[in-house]
Amino acid sequence: CTNSSLNTCVSSAVCEKATTPLDHPTFTCICPDGFMGNGHTCRRGIDIMPPLPKVKFDGVTPTDETIKNGFYCGCTKPIVDPCAGFPKCEGKNEICTISDEEMEPYCACKPGYVLVEGFGCVDESPPTLKLRHDYDNSGITRLKQGDTYKEYAVDVIDENAEDYKRSLKIAYSRPLPYGCETKIGSFQVNYTVAMPWTNPPYARVTRDVIIEDIDECKIDVERYETQCPQIIPHCDVEHGASCKNTNGSYTCICPKYTSGDGFKFMSSIKADDDGKFIDAPVGYNGGKGCVDTSKPVIQVLGPNPKIFRVPKCGGLSGIMKNAKKKKENDKEKNIVGIQRNCYEGDIKQMIIATSGAELCATSTRTNPLPVDCVKATDHTYLGNIDLSSKATVGNPVEVSPLEWKVPYNVMDEAGNSAKTVWRQVVVEEVDLFEMEDRIRKDVLADKDREVEEAVRLALEKHQLKQVNNVDLGIKSKNKNDRVNKSCPTCPACDCSTEGNVVSVSQCNKKCEKMIESMSQTCVNTNNNSHGASLFQMVLDELISMKEGASMYAVALFFIMIVVIYRIFSAVFYSRRGWYYLTADDERKEQEMIQAVTYFSPEPVPRRYDNGYSSANASNGNSPMPTSGNGIHRGSAGPPRVSMSLGGLHNVNGRGGNG
């Protein structure tokens, strides 16, 4: 009212400020008594002045025509319309009243209402506001994330309800989002009806709206694709990510052997100037998904180091002490150097020709496959994947003149390369006199390793079956002693069941050592169990089968054959220097003899298979032996005979250098 730029009251009107800030307008222009209008200055071109206002004979009540004309700006003195009779009062809640003194009709407030300047006849008691959709009368509306708030407003209970609804104001404690609610929390909705003639000058009721958490990981995706796509989880499930609910949001967790944030890329999520993602799920870091970062693991199988033996180049050497050669000459040293220069090429050639299978060949496994030489495993969230067939064998790398190392590598589908694993390759130059003894020891060692592996696998299988039987409550009459609260020491094993020619004492020592390492948690409750064998444990499993009786008989027959074979081996194998050869041994011996290449700096009388005699030597004609392809042996090339442990079962023990 005091601001001339805002006060639009005409000079004849009185500016009256509203009683509360909630009132609108904030001030009122009141014309003097006897004048009509809103008291505001008429606006040029906007406020069209109707005909002069008229009042009835009481000088106050407008005529019907004046009311019909509607808006009046400024303050205008009305014209009295001395109409016949007193018309019905047009004021709200007014009735015609006759003055006792002057006996002139006039309009006054009906009983129960009071006249308030500026508001007319008003109800002294405030209206009642009742929330709609508040069935328990708690004033609380509960929603879930993904729901959309719908305004139901209030019911105004009063005789003047229609008037109050016109002045109803709805205010929210925070702005409502467009569409669905995505965040947990709460807000209030205030419904207010202005009543400036009361104290307080309004009637109000409040609705509390609570948005509760929803488990985004379990929602119906089809439903929320149209209703609220913002809360649909975007986990990289194609690569194993799992969804986990959090309070008000969710997060994605990558499985074992992978890394990343677990989310798919979401274009709707933006980052601020600091790189922090706005309104993003917990853990979202740009939608990097789950990437396989587990490197495969390579295990070398078979002998390591792999040993190749060749006859040592050193000329002739006798059996007697004085006939043995003590020092190499220069020519022999040169031949040795030439021979050694060929080793690496030979190893490469064997790797190429056999795809690396030769490196794990042994006397007990003469024809392995390339996948038998290496085990490559890729640990993924879906389980272990065997990559052995994809493992590659590299070229040998020289460590020393007679030692190399061969690399094994593999890469999984995600591009992760395994740590390179090496197999040692050693070339031993051995005198022919020592060759047989070395090979025999290696053959026995190979069989020992095979026995140890068979024992280990049998024990693991047996113990696993015991655990499974206990878990399932299965108890057979042959297993009662093994499923008690305390388990006995695992029986010793009889390696003859594997068809290997080794002593019982050696086998039992290995088995007992393995049992001790694998059964530390067992309590020995049966001291007589040491006399049993691993084969007896296998028989226990066979007897429990339907065909147990027949298989038991077959097993006993097999044991008898093995025992006879062991007695035969003990008698004849103990003789050092020679033993009976099989047809296969004879064939391999001939192959070995034919593979020997002889070198001589000058013709020396020798006996060859082609019938060379001493008479020819006396004439100075020393024929050179030829190989099957017509190449003269004794040329500049060194001896190339090489015996891998996988290529010879037994050799002739009758000494000599070929």
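Summarised in this report is the structure supplied together with it. A quick note: this is a predicted structure, and the numbers were derived from the prediction, not measured. (Residues numbered from 1 in each chain as written. Predicted model: local features only at pLDDT ≥ 70, side-chain atom pairs only at ≥ 80, totals over all residues. Heavy atoms only, no water.)

**Re the sheet that holds strand β12 (residues 168-172)**
Then comes step 1: Strand order in the open sheet formed by 4 strands is β10-β14-β13-β12, and the pairing between neighbours is mixed. Edge strands, defined here as strands with exactly one partner in the open sheet, are β10 (140-144) and β12. Strand after strand, the sheet turns through a mean of 20° between neighbouring axes, direction not considered.
Then comes step 2: Inspection of the sheet shows strand β13 (residues 185-194) paired to strand β14 (residues 202-212) by 10 bridges, in the antiparallel sense. By the bridge assignment for β14, Gly-185 is matched with Ile-211. (Pairing = 2+ DSSP bridges. Helix = DSSP H or I, 4+ residues; strand = E, 2+ residues; numbered from the N terminus. Axes fitted to C-alpha atoms, helices over the stretch in contact; angles between N-to-C directions.)

**Section: a nonpolar patch on the surface**
Then comes step 1: A grouping of Ile-170, Tyr-172 and Leu-176 is seen on the molecular surface, where their side chains present a nonpolar patch of about 230 Å² in accessible area.
Then comes step 2: With respect to the helices and strands, the residue Ile-170 is situated in strand β12.
Then comes step 3: For Ile-170, a relative accessible area of 37% corresponds to the partly exposed category. (Patch = residues over 30% accessible without salt bridge, like charges linked within 9 Å, V, L, I, M, F, W, Y side chains within 5 Å. Areas by Shrake-Rupley, 256 points an atom, 1.4 Å probe, with all protein chains shown as cover. Salt bridge = Lys/Arg side-chain N within 4 Å of Asp/Glu carboxyl O. Buried < 20%, exposed > 50% of the residue type's maximum accessible area, 1.4 Å probe, protein only.)

**A word on the packing of aromatic side chains**
Then comes step 1: The full count for this structure, using the stated rule, is 6 aromatic pairs.
Then comes step 2: Pairing Tyr-343 with Trp-404 gives two aromatic rings, centres 6.5 Å apart and planes at 80°, and the pair type is edge-to-face. Of this pair, Tyr-343 sits in helix α5 (residues 343-354) while Trp-404 is found in strand β25 (residues 403-409), placing the two residues 61 residues apart along the sequence. Comparing Tyr-343 with Trp-404, the two get one shared label, buried.
Then comes step 3: Joined through ring pairs, the aromatic side chains of Tyr-250, Phe-263, Phe-277 and Tyr-284 make up one cluster.
Then comes step 4: When the ring centre of Phe-35 is taken as origin, the NZ or CZ atom of Lys-77, which lies over that ring, is 5.7 Å away.
Then comes step 5: The ring of Tyr-202 carries the charged tip of Arg-204 above its face, separated from the ring centre by 4.5 Å. (Phe/Tyr/Trp six-rings, centres within 6.5 Å; stacked < 30°, edge-to-face > 60°. Lys NZ or Arg CZ within 6 Å of the ring centre and 35° of its normal.)

**Points about unusual backbone geometry**
Leaving glycine aside, a negative phi is the common case for residues, and trans is the common case for peptide bonds.
Then comes step 1: Put simply, Asn-199 and Pro-200 share a cis peptide bond, and its omega is 0°.
Then comes step 2: Checked against the element boundaries, Pro-200 lands in the loop between β13 and β14.
Then comes step 3: Cis peptide bonds are those with omega within 30 degrees of zero, and the linkage from Asn-304 to Pro-305 qualifies with 20°.
Then comes step 4: Among the secondary structure elements, Pro-305 is positioned in the loop between β19 (297-300) and β20 (306-311).
Then comes step 5: Positive phi, close to 55°, is recorded for Asn-137, a residue that is not glycine.
Then comes step 6: Tracing the chain through its elements places Asn-137 in the loop between β9 (128-131) and β10.
Then comes step 7: Located in the positive-phi region is Tyr-257, a residue other than glycine, with phi close to 75°.
Then comes step 8: Counting through the fold element by element, Tyr-257 comes out in the loop between β16 (249-253) and β17 (258-259).
Then comes step 9: Of the residues examined, Tyr-257 reaches a relative accessible area of 29% and is grouped as partly exposed.

**Remarks on the sheet that holds strand β21 (residues 374-380)**
Then comes step 1: Sheet architecture is open: 3 strands sit in the order β19-β21-β22, paired in antiparallel fashion. Since the sheet does not close on itself, it has two edges, and those belong to β19 and β22 (383-386), each with one partner. Within the sheet, the average angular offset between the axes of one strand and its neighbour, ignoring direction, is 25°.
Then comes step 2: The pairing of β19 with β21 spans 4 bridges and is antiparallel. Within β21, the position partnered with Ile-298 by the bridge is Ala-376.

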